[in-house]
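In case you want the letters, here they are:
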Amino acid sequence: MTLATLAMLAPRLAHEFPVADAAGPEWAAWILWLPALSTVLCGMCAALRVRNKLPAWITVSLLSGSFILTAMLFAGYEQPVTIHLVDWFGITWSDTTFVANFAFYVDRLTLLWMLFVTGLGTLIALYAGEYMEGDVGAGYSRFFAGISVFLFAMTALVMADNLLMLYLGWEGVGFASYWLIGYYYRKPSAVAAAKKAFIVNRIGDLGLALAVYLTWHAFGTVQYAELFAAVQANDFSAEAGGWSVQAIPFLLMLAAFGKSAQLPLYVWLPDAMEGPTPVSALIHAATMVTAGVFLLCRMFPLMVLNELALPVVAWVGGLTALFAASIAMAQHDIKRIFAYSTISQLGYMFLGVGLFTTAGAAYHVFTHAFFKAVLFLTAGAVMHGFAGQIDLRKVSGLRHMPGWRVTSYTMLYACMCLAGVPLVTNGFWSKDAIMAEAFAAVGPGYTALAIIALVTALLTAYYTFRVWFRVCAGPVHYEPGLEQHGDAAGGAFHPRPPRLVINLVLLTISAGAVASIFCAEWINGMIEGSTAAGGLPAVHEAHEGAGVWSDPHAWMPYVAGAVGLVGIAIAWYLHLANRTAADDLKRALQGNVVSAWLPRAMENKWYVDELYHGLIRAPLWLLGHILNLLDRYVLDMVIVDGVARIPRMLGRGFQPLANGVLQSYAVSMVGGVALIAILVFVMPEFLEMLNGWIGGAR
Amino acid sequence: MTWLWPALLLLVPLAGAVAIMFAPARQAKWIALLATTITFVHSVIVAVAFEHWHDGGFDLEAVVPSLGMESMGIAVRFGADSVSLLLVLLTTLLVPLCVWGSFSAISRRVKEYYGWLLVIEAAMVGVFLARDVIFFYVCFEFTLIPMYFLIAIWGSSNRSRACIKFFLFTFTGSLIALAGLLYVAWQYAEINAVFEPGGGSHLSWTFDIATLTSFAAGTLSASEQRWVLVALMAGFAVKVPLFPLHTWLPLAHTEAPAAGSVLLAGVLLKLGTYGLYRFVLPMVPVAVVEYAPVIAVISIIGILYAALICWVQDDLKRLVAYSSVSHLGFCVLGLVALNPLGAQGAVLYMINHGLSTGALFFLIGMIYERYHSRDMAELGGLAARMPVWGFFMVFFTLASVGLPGLNGFVSEMLCLIGTFTASATAEVYPGRLGPWYAAAAGVGMIFAAMYLLMMVGKVVFGPLKEPVVREPAQGRALPPDLCWREIGVLIPLAVLCLYLGFQPKPVTDAAAGSIETMLSAYPQEVRRYVARESADG
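None of the values given here were measured: they were computed from a predicted structure. (Residues numbered from 1 in each chain as written. Chains lettered and ligands numbered in written order. Predicted model: local features only at pLDDT ≥ 70, side-chain atom pairs only at ≥ 80, totals over all residues. Heavy atoms only, no water.)

J.: I keep staring at unusual backbone geometry and nothing clicks. Help me out?
T.: The phi angle of most residues is negative, glycine excepted, and most peptide bonds adopt the trans form. With an omega dihedral of -5°, the bond running from Leu263(A) to Pro264(A) counts as a cis peptide bond. If you trace the backbone, Pro264(A) turns up in the loop between helix H9 (243-259) and helix H10 (268-271). Across the junction of Phe243(B) and Pro244(B), the peptide omega takes the value 0°, indicating a cis bond. Of note, Pro244(B) is situated in the loop between helix H9 (222-239) and helix H10 (248-255). Even without glycine at this site, Tyr607(A) takes up a positive phi of about 60°. Tracing the chain through its elements places Tyr607(A) in the loop between helix H26 (597-603) and helix H27 (608-654). (Helix = DSSP H or I, 4+ residues; strand = E, 2+ residues; numbered from the N terminus.)

Printed below as a string of structure tokens:
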């Protein structure tokens, strides 16, 4: 980007969002310390081998404390503030100081994220208290310590007042995710999934780390308040006007795509479903995976420093949405379907950010957190009740079974939200905000992008209701999963319907989903007063034009609603009214030579895992082995040992001297003395020579 | 008698070693524990009383009088600045833990074993406290002898090859380094030669490190500095070790007993980086500026090369040994960044690596004591059998991976940010590296996660897999999980890892003055070099 375009963007950058310059209340520090305390207490429970539900109650009570404090902070909010907790980094030299403390930067964006993170965190911990009861006395404390660590890290990530603390939270949530995905640590697939999640995330983390260094390099600070002030004042060093500042958006993107499972780094999220289902709901659906969106919103003033950056975000988001939806259509594992749908919905959020509608993206983050949490928690209830059964072909007619009404109908509502059923669902409104913008915005190939988004909405409605029609509707039949506990070992299997706590949590979060229908304006306000506000002027510019058909915002609700209903109708026909038709369709596709590859590729996730394995992992592994052999046999045994052998070979030349004959010893002694004498006399000369050779000019 | 105060840090362990010689074998370990604990307490008192934590000055300066070498300029001269003292503290902390951690592992030739541990402590402390080149060198080389015996007597199957290679490799290297230092001393003696009235002259030798350092930096020509740099690097790069001079390390580590590995990784490798910090950087700034990119590239190759090798190891100790090669690459990178952030990172790295990798070697030793195996093909899922051990293993692995909140992150981040900002155009501290160096080294972060998580994934997690336990060498069997003594060895290290992760400021504050003194010549040298380059180009 040239300086001229930078100047063109300047008014947009100058769009005033208030930068914190006051100190906030000190009690807010407990929002971070309470989860930390909870971690320590759960750790003590593990060390003391507590054999009851104490860890769950500790976690729930402390996390709810964190939520209440967040709500209080929100209630008393007037302007952006910083809150200093404790010193962390502080390195001074000359007149420069590298500072990064444990401190909060609280603006509306922070509060928006913290409200749903701590709120849903508390509710899901409550749910997990019942869900994980089979592990009381075994991994129960470990589980809740992990949940607490996650909340600690997520709080650090969202509330940080500098990029290093954000990085701490960023890697911290990755670690918590590693911990909890690998919760069933004796299961090799769980261990592998945990490892994969951490390593793929680390690739993104490298991007974030480099972005932090670059920010320090270009702006001389990593603290938000100073950073945003510098951006608003266009006050960065001359060097920063060159490539360095413009690379920051792309590095941030890499980080965001890793954490939020976008192309090309999405591969860890489906495998992360190896973790216990409450973890999938909390970390891998509602909160942690939105950290990427948060990062871009927080750093939005820097994202606009390169005019190419946001179109790239939009395109990656749009393509990911379509790609993941296509995979979700062909999976049989309910949790994996929801995982791919999470990737797809995150794609919509990035699409929103890329289209400058940060408010739309944040709204979708907010609504998605509720309905996706419900989807996972209902899937968890099914797993809990059917001994780990998660294949949608093996459970049917759930809503007709006794005790499953709450689960079936909250799942129905959440499915409606995800499918975007008009008017009554929050997902309809938030997705609409983004898709309308896609048709309205002007940018490289944005019309195609808008059509992709629309097609994805159709696929989404289809695969979502495929699950519901298969599992909750239709004739009653079920097969238990493999995790049969002692009670069912002998006799016939009986499903265990969820009890009070799980139902209560499901209903509460569903109520939250209903409530969030009315939150659009509120979220607009929350974004407008925050660092993500840089995008808003562009949104308003795009509204120019007259007539119903020239303003996509006017007709989008009808089109999107219709598309969603069509998707549901297709799902109804194939998976409820005429279930054999789905198999017929698949058979027809497979029978045709031209199209046979399609269902197979979709079922096998487009072979992306295999591709990565073949192109990256296997060559590296091979290289590792080659280097290992090289190190051991060539470098060590040939070169090093070879050099060590030189003196011995030289020694062998003199070996005839040691022949045991007295005279020859005498001769060699004389020779030695002569040699020493020569050295003594010649040495000074030699040293002079050496000196001249080494010395050069002084 | 002021010299006695620092000298006691060496003399107490030596006295302990002598006492062990005359004591019965079953008391050896208690004497060793007592002597090392006294030394630790003493070093803490010294640290508390130290007055130059913030200004980079030297304290504890004292010369042991009348040893008869004054005429040659050689003296047993003590002195410590904050960085030396931090490393002394690391040493005096690790050695008692090594002694305590060896209680059940060593049942053969007990007296000699603890004797050598005490001797090596004295030598290591001597290196960090020396302010005289000859004294430094003697201590530096003297660390080899106890380590040689620790490996040769209490090592595993391939120990004879390992200890010979270890000894010859490092000895040769340090001989060359000595030659470099002697050259500097000789030049000093010549230039400052005293002319006698009769027309003759005699050289005025000194081996005082401070004098020689300022002399070398100020007087030696660029070409001389280049040669001295090469000579010094030959000694210190072997110790660090930098690629491709590292091949002694995996062998020595795999064969050494647990405590030997801990000291090797924890302290002996730091002698190399400390040598860079104390000698190379201050002595030959012109040459360092010239060769900084070369050293950096070698470090980065080492980081990536060793990391990939780690990834395909089956032997736990070999894996962690190669990880040291990879990790210390970051440390050297931070040093040649030539700015305070990088140097702070490097100093912290020396301490942090000692804590976390030292702990990993302890943990592997504990496994080896129980199963007599370090083979990851034989061991698996040990968390099911040893949850406490599993907890510590994961904890220290994460410290090593560089998880923020633990110590490894702080030093790695500072080294990389120092490297990143060390571009020629930087304002206050220009350098010769830059973003691409940091980005390449940063790939090492991903590799580190790959091989370390592979390790815990196999050994700690997964289905339980235990080798057939052969009869333990010592009569009494250990409990399946860690006993209180073993937990006690690990807890101080774990606490420090956590503390330094959240509060690196005490260390960075302490090191700041010393670092600024050390780097004082560099901004100007770099600018001069860059100006000359652009004039030529």
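So, next bit.
J.: Please clarify how the packing of helix H14 (residues 340-371) of chain B against helix H19 (residues 505-519) of chain B should be interpreted in this entry.
T.: Residues and elements named next belong to chain B. Contact geometry of H14 with H19 gives a least axis separation of 9 Å together with a crossing angle of 125°. It follows that H14 is oblique to H19 by the angle criterion. Considering only the axes of H14 and H19, their crossing is right-handed. Mapping the contact onto sequence places Pro340, Ala343, Gln344, Val347, Leu348 and Ile351 in H14 and Val507, Thr508, Ala511, Ala512, Ile515, Met518 and Leu519 in H19. For the contact of H14 with H19, the class distribution of residues is 11 nonpolar, two polar and no charged. (Axes fitted to C-alpha atoms, helices over the stretch in contact; angles between N-to-C directions. Parallel < 35°, antiparallel > 145°, perpendicular 65-115°, else oblique. Left-handed = near helix turned anticlockwise from the far one by under 90°. Contact = heavy atoms within 4.5 Å. Nonpolar A, V, L, I, M, F, W, Y, C, P; charged D, E, K, R; others polar.)

J.: Hey, could you run me through the packing of aromatic side chains in this one?
T.: Residue and element names in this part refer to chain B. Considering all chains together, one arrives at 62 aromatic pairs over all chains under this definition. In this structure, arginine 131 packs its charged tip against the face of phenylalanine 58, placed 3.9 Å from the ring centre. Positioned over the ring face of phenylalanine 140 is lysine 239, at 5.2 Å from the centre of the ring. (Phe/Tyr/Trp six-rings, centres within 6.5 Å; stacked < 30°, edge-to-face > 60°. Lys NZ or Arg CZ within 6 Å of the ring centre and 35° of its normal.)

J.: Looking at this model, I keep getting lost on the nonpolar core. Mind explaining?
T.: The tendency in soluble globular proteins is for nonpolar side chains to be buried as a group. One finds Phe98(A), Trp113(A), Trp389(B) and Phe396(B) to be the most contacted residues of the largest nonpolar core, which totals 451 residues. Sequence-distant contacts of Trp113(A), defined by excluding residues within four places in its chain, comprise Met154(A), Val158(A), Thr290(A), Val293(A), Phe294(A), Ala362(A) and Val365(A). Counting residues in each nonpolar core, the second largest holds 20 residues, with Leu351(A), Ala438(A), Ala441(A) and Met556(A) among its members. (Core = buried A, V, L, I, M, F, W, Y, C linked by side-chain atoms within 4.5 Å. Buried < 20%, exposed > 50% of the residue type's maximum accessible area, 1.4 Å probe, protein only.)

J.: Would you mind showing me how to read the environment of Val200(A) here?
T.: All names here are of chain A. Mapping valine 200 onto the fold places it in helix H7 (residues 188-219). A residue is classified by how much of its surface remains accessible, and valine 200, at 11% relative accessible area, is buried. When the C-alpha atoms of valine 200 and tryptophan 268 are compared, they prove to be 6.7 Å apart, with 68 residues separating the residues in sequence. With residues near it in sequence (within four places) discarded, valine 200 still touches Leu265, Val267 and Trp268.

J.: Even after reading the chapter, I still don't get the confidence of the model for chain A, so can you show me in this structure?
T.: Close reading of the predicted structure is inappropriate where its pLDDT is low. Residues and elements named next belong to chain A. With 87% of its residues at a pLDDT of at least 70, chain A reaches an overall mean of 84. Across residues 1-14, confidence stays below pLDDT 50; counting only partners more than four residues off in sequence or on other chains, it has 20 contacts. Low confidence marks residues 536-547, where pLDDT is under 50. Its contacts with residues over four positions away, or in another chain, come to 16 contacts. (pLDDT = per-residue confidence, 0-100.)

J.: Mind showing me how you'd approach the pattern of salt bridges here?
T.: If the charged atoms of two oppositely charged side chains come close together, the side chains can form a pair. Evaluation of the coordinates by the stated rule reveals 24 salt bridges over all chains. Here Lys187(A) makes a salt bridge to Glu274(A), at a shortest N to O gap of 3.1 Å. Separated by 87 residues along the polypeptide, Lys187(A) in the loop between helix H6 (163-181) and H7 and Glu274(A) in the loop between H10 and helix H11 (277-286) bring together distant segments of the chain. One salt bridge connects Glu290(B) with Arg226(B), and the closest N-O pair in it is separated by 3.2 Å. Within this pair, whereas Glu290(B) is found in helix H12 (residues 285-311), its partner Arg226(B) is found in helix H9, the two being separated by 64 residues in sequence. Shared partners join several salt bridges into a network, and the residues in it are Lys187(A), Lys196(A), Asp271(A), Glu274(A), Asp333(A), Arg336(A), Lys605(A) and Asp609(A). (Salt bridge = Lys/Arg side-chain N within 4 Å of Asp/Glu carboxyl O.)

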